[in-house]
Every structure is written in structure tokens, then in C-alpha cells.
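# Understanding the architecture of this molecule
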Amino acid sequence: MGAHLSALFGIGHTGEWISRRCDLTGKVAIVTGANSGLGFETARILCKAGAKVYMACRDPELGDSAKKKIVDRLGDGFAENLVVRKMDLSSLETVKTFAEEFMAAEDRLDFLILNAGVMGIPGRKLTAEGLEWHFGVNFFGHFYLTKLLFRFLIERENRVPTRILVVTCSAGKQGKLKLMDLDFRSRKYYPYRAYNQSKLACWLFVQELGIRLKRDFQSEISVFAVDPGACDTQLFRNVSPFALFMMAVTRMMMKNVGKGSATIIHGCINQRISKFSGAYLENCRVTEVQKSRRHACLRQELWAKCENMLESMSFGQPVLGARRTTSVGHKKSRKRRSVGNNASLWDAVQRRLMPAVRFGGNSDEGMELVTNRTKSA
């Protein structure tokens, strides 16, 4: 009860307070949507703690302006730890360019914070690849970014076990995912149904990625869905006039970005939660580890659907900068693990599509990567 009241009235610690004794010198973070709101505050806090932060922004000019604000507050010495890069989640080409430039420039990634999002787009709008705007920006662009960085992260996890945080909200739990009509082509478009659908997709993605990391790679990389609570940010800039009127009444009960960032920062630096990879974080605690049979089927079908969509868009090729691992003096194992009946759809897709760009699974190359990492350890 206390946790719910805290979320409602914005009571609790700030992200800066949580990081007050934390030294992140030498660590590297990516924060999407870092030019405003929670992304801006998260980037500022991580930078203040010593991390190098890549501010992935749709508009680089807004990103430069945000960087200047942070430097003005923290001091000129922090400027070199803030790197602004263009990444428009509504265009997968810019996502790919961002990932390639990052992998060429850096040799580690400690925190991948998938924060950027939109809400309340009044009319049905499509991304450059023809996806419904909420689904494309809030979920699919982040799915693709994670896919592009995946091999980079796996190959470095022995010394840098990355923490992946996907910012979502409780609205996702009320969402309905229509896999045959994700873009509202054959059903009436409602902005908040589209938003809820995208946030449910994020939650399912976190669960499935957590399972695949552990099952297919025995990986120490951890992933969490992070609910910052109701925060007063620019996320509401597209909502209807009536919704804005209601917000005027409820704004006093919303969290500011300082308190909203608390759970995000907690998710970055708290090592005790690693064993709950794939879980839901709210008010700086693990509140839900959902493994229902219904969700198991849905999240696997969503994953396979997204892989197929990327393939049809010609974004399924191996990523530039991702190194392949070869086995020396080790016979490849061709035995496939059984992962249960619910994974049959994924296995079919995995065999048919290019294994080198899958997140996990049973490809020989994937098994080779695990074998080499185990031997080196």
C-alpha cells in the first residue's frame, strides 16, 4: 500500500540521491531520448557519477542544447563525457547508423537505457518502415537497437555484464497485442490503445530477452522493465485538450523527473537484482516476475513476428562491426536443445532465417560463441 501511495504522490528519493555514493568512472551508457524529461535527468545523473553517456536523440540540435544545460549545471569538465548522436527511432536506418558508430568508437557498454517514447498521437501515423508510430518508436526501434548491439554485448560480458533497462509503464498491463494487426489497419485507431499496445510489447520483450539470455547463452547480462511512475514530462505534449485539462488537476500528484529517475538509476547500479533478470521494477524494487503460460506464447510469437518484419524490411543482415567468433580445435555441436512446445514457432523461424543475427537460439555459431566464452572463463 505504501509503495502505491508513494507512486501516486511522488514521495520518495531522487535518482541523484540514490547515486550519491556511486562512482561510475570508466563506465559507458546509452540513453535514448536524452534531450528531455527522464532521459535528460538520467543522462545528467550518470554523467555526474562519472560515466560516459551517449545521448541518443531524434534531433541533434535538441541534444546539443540538452548537453549544454548539463554542462552548465555540472561544470565544463563533464563535457567530454557527454556524446550527442542522432537516432530517430521512427527510422531504422538512423538506428543502424547509431549502432555502427557506437561499436566503432567504444569497447564496452555498461548501461543500455531504452527510454525514448511517444504517447497520444492524435491520428494514425506511420514510421519510415510503415509501422504504427507508437509501436515503431516505443518498442520496435528499441528492439532493433538491442538486436544490433547484441553480439557486441555478448562478446564482452565476461568483463562488462551490461544492464539493459526498458522504460515502460503500468498502462502496458492493460494493453492488448494484436499480432495480425499491429498497425491498426483493420481496426479503429485509438491513441491510447496504440500506446498501451506498444508498452505491453516492451514488457513482453523484457521477459523474453531475459529468458533467452539465460537459456541460450548462460549470460550474466540482465534486463529489466522499469516503471518510473506518473511523471510530469514532455511525454504528454501530444495528448488531447481534455487530457491536458485532467492533467492540470492531477499534475500535483505526479512525480518530477528527479524522483521519476530514481527507479531507472536503481536499476542501473543495484547489483542484488541481477538474479531477477526479466522482471518489472517499480518504486526501486522488483514488483513482478511474470511467467504466465499466456504471456509465454504471446512473447514468443511477438519475437518471431519482429524478426520476420525486420527480414521483410531488409534489416535482417549481419551488423557491421559485430565480430564473429571462430572455434579452434573444437568440434561443432549440432545437438539442439529442447525448449518446450511453446518455442516451436521461434525454432521454425530461427532455422529459416539467418542465424548470425538472431538474439539467441540453437545455431551452430551461437553455440560456438558460448563454447569459446566458457573456455576462456
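Structure first, text after, so check above.
Only a predicted model underlies this, so the values are computations on that prediction, with no experimental measurement involved. (Residues numbered from 1 in each chain as written. Predicted model: local features only at pLDDT ≥ 70, side-chain atom pairs only at ≥ 80, totals over all residues. Heavy atoms only, no water.)

## Let's talk about the side chain of serine 91
This is how the line gets drawn: The helix count covers DSSP runs of H or I at least four residues long, the strand count covers runs of E at least two residues long, and both are numbered beginning at the N terminus. We call two residues contacting when some pair of their heavy atoms lies within 4.5 Å.
Following the sequence through the fold, serine 91 ends up in the loop between β3 (82-86) and α5 (92-105). Once residues lying within four places of it in the same chain are set aside, the contact partners of serine 91 are Ala128 and Glu129.

## Some details on the side chain of arginine 215
Selection criterion: Counted as a polar contact is a pair of N or O atoms within 3.5 Å, where, for protein atoms, one must be capable of donating a hydrogen and the other of accepting one, and residues adjacent in sequence contribute only when both atoms are in side chains.
If you trace the backbone, arginine 215 turns up in helix α7 (residues 191-217). At 2.8 Å, the side chain of arginine 215 forms a polar contact with the side chain of aspartate 216.

## Topic: helix α4 (residues 60-74)
For clarity, the threshold we go by: Given the number of residues in a helix, its expected span is that number minus one, multiplied by 1.5 Å. When accessible area is computed with a 1.4 Å probe and restricted to protein chains, residues below 20% of their type maximum are described as buried, those above 50% as exposed, and intermediate ones as partly exposed. Directions from the helix axis toward the C-beta atoms define the arc.
In this model, α4 (15 residues) spans 21 Å end to end at C-alpha, consistent with the 21 Å of a helix rising 1.5 Å per residue. Considered for burial, the residues of α4 that qualify are Gly63, Ala66, Ile70, Val71 and Leu74. One side of α4 carries all its buried residues, which in axial view fall inside an arc of 140°. Relative to its buried face, α4 has exposed residues pointing more than 90 degrees away, namely Glu61, Lys68 and Asp72. At the C-terminal side of α4, glycine 75 shows a positive phi close to 120°.

## Digging into the packing of aromatic side chains
Filter applied, for reference: Stacked, edge-to-face and tilted labels apply to pairs of Phe, Tyr and Trp rings (six-membered ring for Trp) whose centres lie within 6.5 Å, assigned for plane angles under 30 degrees, over 60, and everything in between, in that order. Criterion for a charge above a ring: Lys NZ or Arg CZ within 6 Å of the ring centre, and within 35 degrees of the ring normal.
This structure, assessed with the given rule, holds 14 aromatic pairs. A centroid spacing of 6.5 Å and a plane angle of 65° characterise the contact between phenylalanine 139 and phenylalanine 140, whose relative ring orientation is edge-to-face. For the pair phenylalanine 139 and phenylalanine 140, a shared accessibility class is recorded, and that class is buried. Lying across the ring of tryptophan 133, lysine 125 places its NZ or CZ 4.0 Å from the centre. Sitting over the ring of tryptophan 303, arginine 212 keeps its end group 4.6 Å from the ring centre.

## Overview of helix α6 (residues 133-155)
Threshold: One axis fitted to the seven residues ending at a residue, another fitted to the seven starting there: the angle between these axes is the bend at that residue.
The end-to-end C-alpha distance of α6, which contains 23 residues, comes to 33 Å, matching closely the 33 Å that a straight helix rising 1.5 Å per residue would cover. At leucine 149, α6 is deflected by roughly 45°, the largest bend along its length. Burial runs high along α6: 22 of the 23 residues are buried.

## A short note on the pattern of salt bridges
A side chain of one charge can pair with a side chain of the opposite charge if their charged atoms are brought near each other. Rules: Definition used for salt bridges: Asp or Glu carboxyl oxygen within 4 Å of a side-chain nitrogen of Lys or Arg.
Tallied over the full model, the rule gives 17 salt bridges. Residues aspartate 110 and lysine 27 are paired through a salt bridge, measuring 3.8 Å at the closest nitrogen-oxygen approach. Of the two residues, aspartate 110 sits in the loop between α5 and β4 (111-114) while lysine 27 sits in the loop between α2 (15-18) and β1 (28-32), which places them 83 residues apart along the sequence. In this structure aspartate 110 comes out as buried when scored by relative accessible area, which is 6%.

## A word on the sheet that holds strand β8 (residues 285-288)
The strands making up a sheet associate through backbone hydrogen bonding, with each pair oriented either parallel or antiparallel. Operational definition: We call two strands paired when DSSP finds no fewer than two bridges between them. To obtain each axis, a line is fitted to C-alpha atoms, and for helices this fit is confined to the stretch in contact; angles are then taken between N-to-C directions over 0 to 180 degrees.
An order of β3-β2-β1-β4-β5-β6-β7-β8 is seen for the eight strands of this open sheet, with the pairing classed as mixed. Of all the strands in the sheet, just β3 and β8 have a single pairing partner and so form its edges. For this sheet, the mean angle separating the axes of adjacent strands, direction not counted, is 25°. α4 rests against β2 (52-57) and β3 of the sheet, and its axis sits at about 170° to β3. Sheet contacts for α7: β5 (163-167), β6 (222-227), β7 (280-282) and β8; angle to β6, the most-contacted strand, approximately 160°.

## Some words on the layout of surface pockets
Condition: Points on a 1 Å grid over protein atoms alone make up a cavity when a 1.4 Å probe fits among them but cannot get out, and a pocket when they form an open set with protein on both sides within 12 Å along at least five of seven lines; lining residues each have an atom within 4 Å of a point. Grid points are joined across faces, edges and corners, and a volume is the space filled by probe spheres set on the points. Side-chain classes are defined by residue name, with Ala, Val, Leu, Ile, Met, Phe, Trp, Tyr, Cys and Pro counting as nonpolar, Asp, Glu, Lys and Arg as charged, and the others, Gly among them, as polar.
Counted as a void, the second largest pocket has a volume near 210 Å³. For the second largest pocket, the lining is made up of 16 residues, of which Lys27, Phe111, Pro161, Cys268 and Gln271 are closest to its centre. Here the residues of the lining of the second largest pocket are counted per class, giving seven nonpolar, three polar and six charged.

## Remarks on the nonpolar core
In plain terms, the rule: Residues enter a nonpolar core if they are buried and are Ala, Val, Leu, Ile, Met, Phe, Trp, Tyr or Cys, with the set joined through side-chain atoms within 4.5 Å.
Judged by nonpolar contacts, the single largest core of 64 residues is most densely connected at Phe139, Phe140 and Leu149. With 14 residues, α6 is the largest single contributor of residues to this core. Leu24, Ala34, Phe111 and Ile273 belong to the second-largest nonpolar core, a separate cluster that totals 35 residues.

## As for the pairing of β6
The element β6 is extensively covered by neighbouring structure, given that six of its six residues are classed as buried. Along β6, one buried face is formed by Ser222, Phe224 and Val226 and the opposite face, lined by Val223, Ala225 and Asp227, is buried too. As paired strands, β5 and β6 are joined by five bridges and run parallel to one another. If you follow arginine 163 over to β6, its bridge partner there is serine 222. In this structure, β6 lies alongside β7, joined through three bridges in parallel fashion. Looking at β7, one finds that alanine 225 is bridged to tyrosine 280.

## Some details on the packing of helix α3 (residues 37-48) against α4
The condition that has to hold: For classification, angles of less than 35 degrees are called roughly parallel, those exceeding 145 degrees roughly antiparallel, those between 65 and 115 degrees roughly perpendicular, and all remaining angles oblique. The sense of a crossing depends on the near helix, which, turned anticlockwise from the far helix by less than a right angle, makes the crossing left-handed and, turned clockwise, makes it right-handed.
At a closest axis distance of 11 Å, the pairing of α3 and α4 adopts a crossing angle of 45°. Overall, the two elements α3 and α4 adopt an arrangement that is oblique. When you trace α3 past α4, the crossing you get is right-handed. Along its contact with α3, which presents Phe40, Ala43, Arg44, Cys47 and Lys48, the element α4 presents Ala66, Lys69, Ile70, Arg73 and Leu74. For the contact of α3 with α4, the per-class residue count stands at six nonpolar, no polar and four charged.

Remember, this is a structural readout, not a statement about activity or role.
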